[in-house]
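Understanding the architecture of this molecule
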Amino acid sequence: MPTDDVFADLLAGNAAYAESFTVADLEATAAKGLAVLTCMDSRIDPLRMLGLQVGDAKILRNAGARVTEDVLRTLVLADYLLGVDRVMVVAHTGCRMADRTEDDVHESIREAGGPDTRAISFLTTTDQVDALRTDVQRVRSWPYLANVTVGGFLYHLDSGRLDRIC
Ligand SMILES: [Zn+2]
């Protein structure tokens, strides 16, 4: 077993969590028939912002809440095997993936001491609402998904409010 203590605080947190664990009997299907794709931004609490609790929804996260091949793959499983029939794509204000170009991100990483990342597409956008509409349409058009309703939303970091965009 590793001896470093990098994760010690988290294992302690887990020990406390497991002490009062009450959700061992949850179903694997999403109780609200919902999947939520949102950004990895740590200021977003996907369940609480929607008034949900553990077991209610499938949560997918990446930088910028972008619809990628992996998101589509996951939604196919969620649709047919995990009870999902509605999907929310939730972008947010103040997203660092939505106010700069790919080149800006590559440069920022290099300035931070990182490698040349130009072989990676970070899926940045300078028109967040347009990107959201395109991503939602991409899910709607995906032929492997059936009977799934998709909506695009913008979450406001300063108020906690959610606006429906499309
Ligand atoms: Zn973000």
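That block above? That's the structure.
Residues numbered from 1 in each chain as written. Predicted model: local features only at pLDDT ≥ 70, side-chain atom pairs only at ≥ 80, totals over all residues. Heavy atoms only, no water.

**Brief notes about helix α5 (residues 128-141)**
Note the cut-off: Secondary structure counts use DSSP, requiring at least four H or I residues in a row for a helix and at least two E residues in a row for a strand, with both numbered from the N terminus. In this scheme, a helix's expected span is set at 1.5 Å multiplied by one less than its residue total. Burial here depends on accessible area, computed with a 1.4 Å probe over protein chains only, as a share of the maximum for the residue type. Under 20% is buried, over 50% is exposed, and the range in between is partly exposed. Here the arc refers to the directions that run from the helix axis out to each C-beta atom. In this analysis, two residues are considered to be in contact whenever any of their non-hydrogen atoms come within 4.5 Å of each other.
With 14 residues, α5 should reach 20 Å at 1.5 Å per residue; the first-to-last C-alpha distance of 20 Å fits that figure. Of all the positions in α5, only Q128, A131, L132, D135, V136 and V139 are classed as buried. Projection of α5 onto a plane perpendicular to its axis shows the buried side chains occupying an angular sector of 135°, all on one side. Close packing links the buried residues of α5 with α3 (69-81), β3 (86-92) and β4 (149-155).

**Details of the coordination of the zinc ion**
Put simply, the ideal angle at a metal is 109.5 degrees for four donors in tetrahedral geometry and 90 or 180 degrees for six donors in octahedral geometry. We apply this condition: Note that water is not among the atoms used; donors are N, O and S atoms within 2.8 Å of the metal (3.2 Å for Na, K and Ca), so sites may look incomplete.
For the zinc ion, the full set of protein donor atoms is C39 (SG), H92 (NE2) and C95 (SG), at a range of 2.0 to 2.3 Å. Read in sequence order, the donor residues for the zinc ion give the motif C-x52-H-x2-C. Assigned by exposure class, H92 and C95 land together as buried.

**Regarding the environment of L10**
Of note, L10 is situated in helix α1 (residues 8-19). L10 sits in the exposed class, given a relative accessible area of 55%. Considered as a pair, L10 and G114 are 104 residues apart in the sequence and their alpha carbons are 27 Å apart.

**Brief notes about the layout of surface pockets**
Here is the rule we go by: Buriedness of a pocket was judged along seven lines, with at least five required to meet protein on both sides within 12 Å; pockets are open sets of points on a 1 Å grid over the protein atoms alone, cavities are sets where a 1.4 Å probe fits but cannot get out, and lining residues have an atom within 4 Å of a point. Grid points are joined across faces, edges and corners, and a volume is the space filled by probe spheres set on the points.
In this structure, the largest pocket spans a volume of roughly 270 Å³. As for the largest pocket, its lining consists of 16 residues, and the residues nearest its centre are M40, A63, C95, R96 and M97. Here the lining of the largest pocket gets three residues from one element, more than from any other, and that element is helix α4 (residues 102-111).

**Considerations on the pairing of β4**
Looking down a regular strand, the side chains alternate between one sheet face and the other. Our working rule: For two strands to pair, DSSP has to find at least two bridges joining them.
Counting buried positions over the seven residues of β4 gives six, a clear majority of the element. Summarising the sheet, β3 and β4 pair through seven bridges and their orientation is parallel. Of the residues in β4, the one forming a bridge with V87 is V150. Sheet analysis places β4 next to strand β5 (residues 162-164), joined by three bridges and oriented antiparallel. For Y155, the partnering residue across the bridge sits in β5 and is L162. What sits between β4 and β5 in their antiparallel hairpin is a turn of six residues, with G160 showing a positive phi close to 80°.

**Considering the sheet that holds β4**
To be explicit about the condition: Axes here refer to lines fitted to C-alpha atoms; in helices the fit is confined to the stretch in contact. Angles between the N-to-C directions go from 0 to 180 degrees.
In spatial order, the strands read β2-β1-β3-β4-β5; together these five strands make up an open sheet with mixed pairing. Each edge of the open sheet carries a strand with a single partner, namely β2 (57-62) and β5. Within the sheet, the average angular offset between the axes of one strand and its neighbour, ignoring direction, is 25°. Packed on one face of the sheet, α3 meets β1 (34-39), β2 and β3 and runs near 170° to β2. α5 contacts β3, β4 and β5 of the sheet and is inclined by roughly 160° relative to β4.

**So, the nonpolar core**
Test applied: Buried residues of nine kinds, namely Ala, Val, Leu, Ile, Met, Phe, Trp, Tyr and Cys, make up a nonpolar core once their side-chain atoms join them within 4.5 Å.
One finds L75, V87 and V89 to be the most contacted residues of the largest nonpolar core, which totals 35 residues. When residues of this core are traced back to their parent elements, those giving at least two are β1, β2, α3, β3, α5 and β4. The residues touching L75, leaving out its near neighbours within four places in the chain, are A35, L60, V87, V139 and L145.

**Description of a nonpolar patch on the surface**
What counts, and what does not: Each patch is built from residues that are more than 30% exposed by relative accessible area and take part in no salt bridge. Like charges join if they lie within 9 Å; nonpolar side chains (Val, Leu, Ile, Met, Phe, Trp, Tyr) join within 5 Å. Here the Shrake-Rupley method, with its probe set to 1.4 Å, supplies the accessible areas, and only the displayed protein chains count as covering residues. We define a salt bridge as a side-chain nitrogen of Lys or Arg found within 4 Å of a carboxyl oxygen belonging to Asp or Glu.
Taken together, the side chains of V6, F7, L10 and L11 make up a nonpolar region of the molecular surface, amounting to roughly 450 Å² of accessible area. Mapped onto the fold, L11 is located in helix α1. With a relative accessible area of 59%, L11 lands in the exposed category.

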